[in-house]
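Residue-level structural notes
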Amino acid sequence: MRILMLGNSYIFTNDLPSILAEITGAEVVQNTRGGARLREQLNPETRLGAKALELLQNEKWDFVILQEMSNGPITSKACFLENAEKLCEKIRENGAKPVFYATWAYQRGEKKLETFGMDYDEMYQKLYEAYHLAADRNHTLIADVGKKFYELSDKVNLYADDGCHPNEKGSQIAAEIIAEVLMN
């Protein structure tokens, strides 16, 4: 099995691709940049986009994981949905299956939530709705890591010190959920 992961630091933090490869036995390749949005993966004028387009055109994949910038599905929802659709088309042209890696709200009480005028529950709900809408519209699989973070939020710390990125336990849970979706 070959897996391509397109996204940003939520993928490369704690080397999620290696954890996923260990669980699945797959070859996992990432094309990531901190803060990257899905639209950049489609832009041949950027290094990230040129590489993504080359990987989708010249190599065969079983699954391509799509992950948007942390607040992108909320703050730029229309852009997220539009680029998600374009990427799903390219992924299917490759013969692969697209999979959304639905991420989580910033840690409960995190100051960054105030920046967006939301609390933890509201950010979680808006991310959940946006990722599920993208998956429904594009008839794709979804690895709802954000939902698991939400369910465990009062029981286990899954966040790095910045309140946004996953700690090692968070990345392990993310890999397990993605693997479960791919292997089912």
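Provided above is the structure to which this section pertains.
What counts and what doesn't
- Residues numbered from 1 in each chain as written.
- Predicted model: local features only at pLDDT ≥ 70, side-chain atom pairs only at ≥ 80, totals over all residues.
- Heavy atoms only, no water.
- Helix = DSSP H or I, 4+ residues; strand = E, 2+ residues; numbered from the N terminus.
- Buried < 20%, exposed > 50% of the residue type's maximum accessible area, 1.4 Å probe, protein only.
- Polar contact = N/O pair within 3.5 Å; in protein donor to acceptor, adjacent residues only side chain to side chain.
- Phe/Tyr/Trp six-rings, centres within 6.5 Å; stacked < 30°, edge-to-face > 60°.
- Lys NZ or Arg CZ within 6 Å of the ring centre and 35° of its normal.
- Salt bridge = Lys/Arg side-chain N within 4 Å of Asp/Glu carboxyl O.
- Core = buried A, V, L, I, M, F, W, Y, C linked by side-chain atoms within 4.5 Å.
- Contact = heavy atoms within 4.5 Å.

Quick notes on the environment of Thr-46
By the element assignment, Thr-46 lies in the loop between α3 (38-41) and α4 (47-58). A residue is classified by how much of its surface remains accessible, and Thr-46, at 22% relative accessible area, is partly exposed. Among the polar contacts made by the side chain of Thr-46, one reaches the main-chain carbonyl oxygen of Asn-43 at a distance of 3.1 Å.

A look at the packing of aromatic side chains
Applying the stated criterion across every chain yields a total of 11 aromatic pairs. Taking 5.6 Å as the distance between ring centres and 10° as the angle between the ring planes, the aromatic pair formed by Tyr-120 and Tyr-150 counts as stacked. Within this pair, whereas Tyr-120 is found in helix α8 (residues 120-138), its partner Tyr-150 is found in helix α9 (residues 145-152), the two being separated by 30 residues in sequence. What makes Tyr-120 buried here is its relative accessible area of 4%. Plain terms: the ring middles of Tyr-124 and Tyr-150 are 3.9 Å apart, the flat faces sit at 10° to each other, and that makes the pair stacked. Of this pair, Tyr-124 sits in helix α8 while Tyr-150 is found in helix α9, placing the two residues 26 residues apart along the sequence. Under the relative-accessibility criterion, Tyr-124 is labelled buried at 10%. Residue classification places Tyr-150 among the partly exposed residues on the basis of a relative accessible area of 28%. Three or more aromatic residues joined by ring pairs make a cluster, and in this case those are Tyr-10, Tyr-101, Trp-104, Phe-149 and Tyr-159. Across the ring face of Trp-61, the terminal group of Arg-2 is positioned such that the distance to the ring centre comes to 4.0 Å.

Examining the pattern of salt bridges
Under the definition given, this model contains 8 salt bridges. For Arg-2, the salt bridge identified is with Glu-27, shortest N-O distance 2.8 Å. Residue Arg-2 is found in strand β1 (residues 2-7), and its partner Glu-27 is found in strand β2 (residues 27-32); the two are separated by 25 residues along the sequence. On the basis of relative accessibility, which here comes to 40%, the residue Glu-27 falls in the partly exposed class. One network of salt bridges, with partners in common, ties together Arg-2, Glu-27 and Glu-59.

Notes on the nonpolar core
Grouped together as the largest cluster of nonpolar side chains are 61 residues, with contacts concentrated most on Met-5, Val-64, Leu-66, Phe-100, Tyr-101 and Ile-178. With 8 residues, the single largest contributor to this core is α8. Each residue touching Leu-66, except ones within four places of it in the same chain, is listed here: Leu-6, Leu-38, Ala-84, Leu-87, Cys-88, Ile-91, Val-99, Phe-100 and Tyr-101.

Points about the side chain of Asn-167
The topology assignment puts Asn-167 in the loop between α9 and α10 (168-183). There is a polar contact of 3.0 Å between the side chain of Asn-167 and the backbone nitrogen of Lys-169. Residues in contact with Asn-167, not counting those within four places in the same chain, are Asn-14, Asn-157, Leu-158, Tyr-159 and Ala-160.

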